[in-house]
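# Summary of structural features
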Amino acid sequence: MTAMLNATREQWLAARLDLLEEEKELTRQSDALATKRQQLPRVRIDKEYRFDTDGGSVSLKDLFGGRSQLLIYHFMFGPDYSAGCPSCSSIADGFNGFFVHLQNHDVAFWAVSRAPLAKLDAFKRRMDWSFPWASSAGSDFNGDFSVWFSAEEQRSGGIEYNYRREPPAPEPAPGSTLQEWQLRGSEAPIVQIASMTGTDVATYTRDRPGVSAFELIDGAVYHSYSSYARGLDGLWGMYQWLDRAPKGRNETGIWWRHHDRYGKE
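Nothing here was measured: the structure is a model prediction, and the numbers come from that model. (Residues numbered from 1 in each chain as written. Predicted model: local features only at pLDDT ≥ 70, side-chain atom pairs only at ≥ 80, totals over all residues. Heavy atoms only, no water.)

### Examining unusual backbone geometry
The phi torsion of most residues other than glycine is negative, and most of the peptide bonds are trans. Here the phi dihedral of Asp128 falls at roughly 60°; this positive angle occurs in a residue that is not glycine. Among the structural elements, Asp128 can be located in the loop between helix H4 (117–127) and strand E6 (133–135). In the Ramachandran plot, Asp218 falls in the positive-phi region, its phi being about 50° despite a non-glycine side chain. Within the secondary structure layout, Asp218 lies in the loop between strand E9 (210–217) and strand E10 (220–228). By relative accessible area, which is 80% here, Asp218 ends up exposed. (Helix = DSSP H or I, 4+ residues; strand = E, 2+ residues; numbered from the N terminus. Buried < 20%, exposed > 50% of the residue type's maximum accessible area, 1.4 Å probe, protein only.)

Structure representation (structure tokens):
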């Protein structure tokens, strides 16, 4: 759809007021949806998960840090990656600004990845990030929360991600497209984005992004919510800005990079 050019201020204002009503309705729907999200049933977590942090080995309960709520971003950074997923990295560029506010509003925040802590810390220094980041290496955590899958699951069609079963991956993985969770409405050059992490397509796509929420009630940890794929759109700060730009997302492929790589490729 082509926007009208040379509109009068009166024409613009009339169109803007029409759109404002739709925006207000979307806000009301979003508020109602948030309430339903908070009212989801809780599942008690009795399994013992361990995480490597800068403060040593800790449990899932320890990640709360004395707060009653915990948000975890499942950051795609597998043991074989040489750098974090550029899409997750773009989302994570916004973490530094808000995690301190969450921590002062009874909500602990952590990024969690399967890569060893030393590798995560090195990449964190490269990106100049300060948010807390834990390694789940050696733990079932990523697999149990559907953000990591084995090569066998990938080959046999055993991957259930974003609450749906995926077909078996062709052998070798074609590297030309990725599931809808990677980029809406286009065929993403997945070989390119996998190469940014120093991996092949099959290795790269065995890790997946997501967010999970937990609550501490009477000393027990409960799982309340998880979201994946485009359910993470609202957390991807740059897209909230692009959606308000004159040309919107205006995408034909993978255009974003690790923020220290712009102008170097």
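Let's pick the thread back up.
### So, the environment of Ile254
Residue position: Ile254 is located in the segment after helix H9 (237–242). Overall, the relative accessible area of 7% leaves Ile254 in the buried class. C-alpha separation for the pair Ile254 and Gln192, spaced 62 residues apart in sequence, amounts to 7.9 Å.

### Let's talk about the pattern of salt bridges
Inspection of the entire model under this criterion finds 15 salt bridges. With a shortest N-O distance of 2.8 Å, Asp207 and Arg114 are connected by a salt bridge. A residue pair is termed long-range when its members are at least 10 positions apart, and Asp207 in the loop between helix H8 (201–206) and E9 and Arg114 in the loop between strand E5 (107–113) and H4 qualify at 93 residues. Across the pair, Arg114 and Asp207 agree in class, each one buried. The salt bridge partner of Asp243 is Arg249, with a shortest N-O separation of 2.8 Å. For Asp243, a relative accessible area of 40% corresponds to the partly exposed category. (Salt bridge = Lys/Arg side-chain N within 4 Å of Asp/Glu carboxyl O.)

### A few points about the pairing of strand E3 (residues 56–59)
Bridging between strand E2 (residues 50–53) and E3 involves four bridges; their strand directions are antiparallel. Paired with Arg50 across the bridge in E3 is Ser59. (Pairing = 2+ DSSP bridges.)

### Focus on the packing of aromatic side chains
Note on aromatic pairs: each is described by the distance of the centres and the angle between the planes. On inspection of all chains with the given rule, the structure shows 29 aromatic pairs. With a centroid separation of 5.3 Å and 80° between ring planes, the pair formed by Tyr49 and Phe141 is classed as edge-to-face. Within this pair, whereas Tyr49 is found in the loop between strand E1 (43–44) and E2, its partner Phe141 is found in helix H5 (residues 141–144), the two being separated by 92 residues in sequence. The pair formed by Tyr49 and Phe141 is uniform in burial state, with each residue classed as buried. Ring centres of Phe123 and Trp133 lie 6.4 Å apart, and the angle between their planes is 65°; on these two criteria the pair is classed as edge-to-face. Within this pair, whereas Phe123 is found in helix H4, its partner Trp133 is found in strand E6, the two being separated by 10 residues in sequence. The burial state of Phe123 is the same as that of Trp133; both residues are buried. (Phe/Tyr/Trp six-rings, centres within 6.5 Å; stacked < 30°, edge-to-face > 60°.)

### Observations regarding H4
All of the buried residues in H4 are Leu117, Leu120, Asp121, Phe123, Lys124 and Met127. Down the axis of H4, the buried side of the element spans an arc of 165°, and every buried residue falls inside it. Across from the buried face of H4, at angles greater than 90 degrees, the exposed residues are Ala118 and Arg125. Along its buried surface, H4 packs onto E2, helix H2 (86–92), E5 and E6. (Arc of directions from axis to C-beta. Contact = heavy atoms within 4.5 Å.)

### Description of the pairing of E5
Burial analysis of E5 places seven of its seven residues in the buried class, which makes it a mostly covered element. Residues of E5 alternate between two faces, with Val107, Phe109, Ala111 and Ser113 on one and Ala108, Trp110 and Val112 on the opposite face, all of them buried. Judged from the six bridges that link them, strand E4 (residues 69–74) and E5 form a sheet pairing that is parallel. Its bridge partner lying in E5, Gln69 is registered against Val107. As paired strands, E5 and E6 are joined by three bridges and run parallel to one another. By the bridge assignment, Val112 is partnered in E6 with Ala134.

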